[in-house]
Amino acid sequence: MKTIIIWSTNSLQKDYNDIMLVRTKLLKAGHTIQEDWINYRVKVKNNVPYFIQVEGYDYLKVCIDGITNSDFVIFFFSKESNYLTTLIKYADHHKKEIAVIYRTKKVLKHLDGIEKKNNVKLLQSRLINHIDQIIKK
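Attention here is on the structure that accompanies the text. None of these values were measured; they are calculated from a predicted model.

### Describing the overall build of the chain
Looking only at helices and strands, one finds four helices and seven strands in the chain. When the helices and strands of the chain are listed from N to C terminus, the series reads β-α-β-α-β-β-α-β-α-β-β. Its C-alpha atoms give the chain a radius of gyration of 14 Å, within 12% of the compact-globule value 14 Å for 137 residues. Viewed in the frame of its principal axes, the chain has a C-alpha envelope of about 40 × 30 × 30 Å. For the chain, the proportion of its 137 residues judged to be buried stands at 47%. Counting only contacts in the chain whose residues sit at least 6 apart along the sequence, the fraction spanning at least 24 positions is 63%. With the model as given, the accessible surface of the chain reaches about 7600 Å², and the carbon-plus-sulfur share is 48%.

If you want it as structure tokens, here you go:
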């Protein structure tokens, strides 16, 4: 299954370990990760992950193309983000299977009910070890 993992650079330091756990479980389940930026855009220094900005890189286009070309889209939605909300709505519009990993229910209010659809699964980040229950094989 082709999968993309989308996260906010503003939440990378909080989400990094969870992203890596999900990434590992996806690969073990046989998923092909279309994009997650971990291998070439994140550097870890003194156990702290940093996102490397590249001038002219079109993150939005890569996300849209990744969603379009994936079967399964995982979002790390740690804090309110119009950007991520728009991408979640885009993925839903294209009838993708979606997993939203969130920190607090407060961020879900921006999804306008998408979280109640059958193609969308929610998982609170404190329960990240249960991700196996929503990873499609």
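### Examining the pattern of salt bridges
By the definition in use, this model includes seven salt bridges. Between R23 and D36 there is a salt bridge, and its shortest N-O distance comes to 2.4 Å. You can see R23 sitting in helix α1 (residues 12-28) and its partner D36 sitting in the loop between β2 (32-35) and α2 (38-41), a full 13 residues away along the chain. R23 gets classed as buried once you look at its relative accessible area, which sits at 14%. For D36, a relative accessible area of 4% puts it in the buried group. Residues K117 and D92 are paired through a salt bridge, measuring 2.7 Å at the closest nitrogen-oxygen approach. In this pair, K117 sits in the loop between β6 (97-102) and β7 (120-124) while D92 sits in helix α4 (residues 82-93), placing the two residues 25 residues apart along the sequence. Among the residues examined, K117 registers a relative accessible area of 40% and is labelled partly exposed. When its relative accessible area of 10% is taken as the criterion, D92 is described as buried.

Criteria and thresholds
- Residues numbered from 1 in each chain as written.
- Predicted model: local features only at pLDDT ≥ 70, side-chain atom pairs only at ≥ 80, totals over all residues.
- Heavy atoms only, no water.
- Helix = DSSP H or I, 4+ residues; strand = E, 2+ residues; numbered from the N terminus.
- Rg over C-alpha atoms; globule rule 2.2 N^0.38 Å.
- Buried < 20%, exposed > 50% of the residue type's maximum accessible area, 1.4 Å probe, protein only.
- Contact = heavy atoms within 4.5 Å.
- Areas by Shrake-Rupley, 256 points an atom, 1.4 Å probe, with all protein chains shown as cover.
- Salt bridge = Lys/Arg side-chain N within 4 Å of Asp/Glu carboxyl O.

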